[in-house]
Structures are given as C-alpha cells and as structure tokens.
Amino acid sequence: LAHLPSQQQSGQDQQQRLSDGAIWGAYTVTMGNASTLEIVAGRRGTRAALDPSAGDMPVTAQQDRAMATTTATARLTRLLGTHSLRAGLDVQRVDVRESFTMGLTSADFNAPGSDGYNAALAPYDLTRGGSPFAFDDRRVGHLLSGFAQAQLQWGPAAMTLGALIPLWAYPVLR
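Residues numbered from 1 in each chain as written. Predicted model: local features only at pLDDT ≥ 70, side-chain atom pairs only at ≥ 80, totals over all residues. Heavy atoms only, no water.

### What about the overall build of the protein?
Okay, step 1: Within the protein, the regular secondary structure consists of one helix and six strands.
Okay, step 2: Of the regular secondary structure in the protein, the N- to C-terminal order runs α-β-β-β-β-β-β.
Okay, step 3: Over its C-alpha trace the protein gives a radius of gyration of 27 Å, far above what one expects of a compact globule, namely 16 Å for 174 residues.
Okay, step 4: Principal-axis analysis of the C-alpha atoms places the extent of the protein at approximately 80 × 30 × 30 Å.
Okay, step 5: By residue count, 24% of the 174 residues in the protein fall in the buried class.
Okay, step 6: Long-range pairs, those at least 24 residues apart, make up 59% of the contacts in the protein with a sequence separation of at least 6.
Okay, step 7: About 11,500 Å² of surface is accessible on the protein, with carbon and sulfur atoms providing 61% of the total.
Okay, step 8: Each charge class in the protein can be summarised by its mean position, and for the 14 positive and 14 negative side chains these summaries are 13 Å apart. (Helix = DSSP H or I, 4+ residues; strand = E, 2+ residues; numbered from the N terminus. Rg over C-alpha atoms; globule rule 2.2 N^0.38 Å. Buried < 20%, exposed > 50% of the residue type's maximum accessible area, 1.4 Å probe, protein only. Contact = heavy atoms within 4.5 Å. Areas by Shrake-Rupley, 256 points an atom, 1.4 Å probe, with all protein chains shown as cover. Lys, Arg positive; Asp, Glu negative; His and termini not counted. Charge placed at Lys NZ, Arg CZ, Asp CG, Glu CD.)

In structure tokens:
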C-alpha cells in the first residue's frame, strides 16, 4: 500500500485482505387457508486484515478486524377478510473483534526537537528503542425485538397500525 515514492523505494509491501461471506435459510409454512409462518436464519461475517512489510515507512502497522452478525426471525401473518395481522420476533447477535499494532519506523518522523514533535508517540518510536502500540479487544452486542401490525381496509379507505418493541445492547466504548 505504498503511497509515496520514498515508501516504494524502502520496499514497503503491505498487503490488505478483505473477505465477506453470508449464508441464509428460510422456511415458510401455510397454516390453514388464511395464515403463514415464516422463519429465517442467517449469518454474515466480514474481515479486513493489513499485513505489515519489512520496508514500511514512516510507520508500520498490522490490523485484523472482524464482525459477524447472526440473525433469526419469525413472522406470523393472518388474513381476516379484507384485513391482515402480522406479528414477529427478531433476535440478533453482533460479534466485533479488532486488533492492531503500530510503530514508527523512520527516525525523521516525529524527531525530538522538530516542529510538530508529539511526545505521546515516543514510546512507539521503534528507531529509538520503543515498542509497538498494541490494541486488542472484542465486544458482543444483542438485539431482541418484537412487532405487531394490522392493515385494515374498509372499501377504498385503508389504515396501517403497528408497534415495535426493540431491546438492544450493542458494543460501546468504555
């Protein structure tokens, strides 16, 4: 991922890998002549990774980020003459994981005494005995929701009423 001629000359050869995959299944059953039950389940996963190289300038970095969402839903629909009623439940789990490291690899970048020097980066300056900055964390979020809706029709007039009750707990920063 070299952006500058100097990075290309130093041998920077970072590699980025991206992946995305999903699988879903559904089952629908008719119950009598006026009702259906639909059940859907699926999982989607995505991943992004950045691999460092020996010639990274002025910073070297490694990253591995992934997110997976697992979902299950159920829907019951019932026809009552010209009206219809529909109710359902949704359950979702979201797994998020990220790890990365970063270190300064150029003695000219953030040099002590230079304009713009940032002392907070000094512990991560690999050219002056520092160690890479490292981050590694994972979080899990959940969603549970239920809904009901009615479509009512009287001749040319129609009305849709509904309610949704979501309960979620998504990953947040501490």
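### Notes on the side chain of T73
Okay, step 1: One can find T73 in strand β3 (residues 59-80).
Okay, step 2: Aside from chain neighbours lying at most four places away, what touches T73 is E38, I39, V40, L89 and D90.

### Description of the pairing of strand β5 (residues 133-154)
Okay, step 1: Inspection of the sheet shows strand β4 (residues 83-104) paired to β5 by 19 bridges, in the antiparallel sense. Residue R86 lies in a different strand from β5, and its bridge partner there is Q149.
Okay, step 2: In this antiparallel pair of consecutive strands, β5 and strand β6 (residues 157-169), the connection spans two residues, and G155 shows a positive phi of 60°. (Pairing = 2+ DSSP bridges.)

### Looking at the environment of L121
Okay, step 1: Mapped onto the secondary structure, L121 falls in the loop between β4 and β5.
Okay, step 2: On the basis of relative accessible area, L121 is assigned to the partly exposed category, the value being 24%.
Okay, step 3: Taking the C-alpha atoms as reference points, L121 and I23, 98 residues apart in sequence, are found 43 Å from one another.
Okay, step 4: Non-local contacts of L121, meaning those with residues more than four positions away in its chain, are made with L104 and N110.

### Some points on the sheet that holds strand β1 (residues 15-31)
Okay, step 1: Strand order in this open sheet of six strands is β1-β2-β3-β4-β5-β6, and the pairing throughout is antiparallel. The strands lining the two open edges of the sheet, one partner per strand, are β1 and β6. For this sheet, the mean angle separating the axes of adjacent strands, direction not counted, is 10°.
Okay, step 2: Both strand β2 (residues 35-51) and β3 contribute to a ladder of 16 bridges, which runs antiparallel. (Axes fitted to C-alpha atoms, helices over the stretch in contact; angles between N-to-C directions.)

### Quick word on a nonpolar patch on the surface
Okay, step 1: A cluster of nonpolar side chains, contributed by V91, L144, I165 and L167, occupies part of the molecular surface with about 370 Å² of accessible area.
Okay, step 2: Overall, the relative accessible area of 44% leaves V91 in the partly exposed class. (Patch = residues over 30% accessible without salt bridge, like charges linked within 9 Å, V, L, I, M, F, W, Y side chains within 5 Å. Salt bridge = Lys/Arg side-chain N within 4 Å of Asp/Glu carboxyl O.)

### Let's talk about the pairing of β6
Okay, step 1: Counting buried residues in β6 gives zero out of 13 residues, a small share hidden from the surface.
Okay, step 2: Of the pairings in the sheet, the one linking β5 to β6 comprises 13 bridges and is antiparallel in character. Opposite L144, over in β6, you have L167 as the bridge partner.

### What about the pattern of salt bridges?
Okay, step 1: Enumeration according to the criterion identifies ten salt bridges in this entry.
Okay, step 2: D51 is the salt-bridge partner of R17, the closest N and O atoms lying 3.0 Å from each other. With R17 in strand β1 and D51 in strand β2, the pair connects residues that are 34 residues apart, well separated along the chain.
Okay, step 3: Of the residues examined, D51 reaches a relative accessible area of 27% and is grouped as partly exposed.
Okay, step 4: When the shortest N-O distance is used, the salt bridge between R47 and D64 registers 2.8 Å. Linking R47 in strand β2 with D64 in strand β3, this pair joins segments that are 17 residues apart in sequence.
Okay, step 5: Put simply, R47, D64 and R97 are held in one network by salt bridges that share partners.

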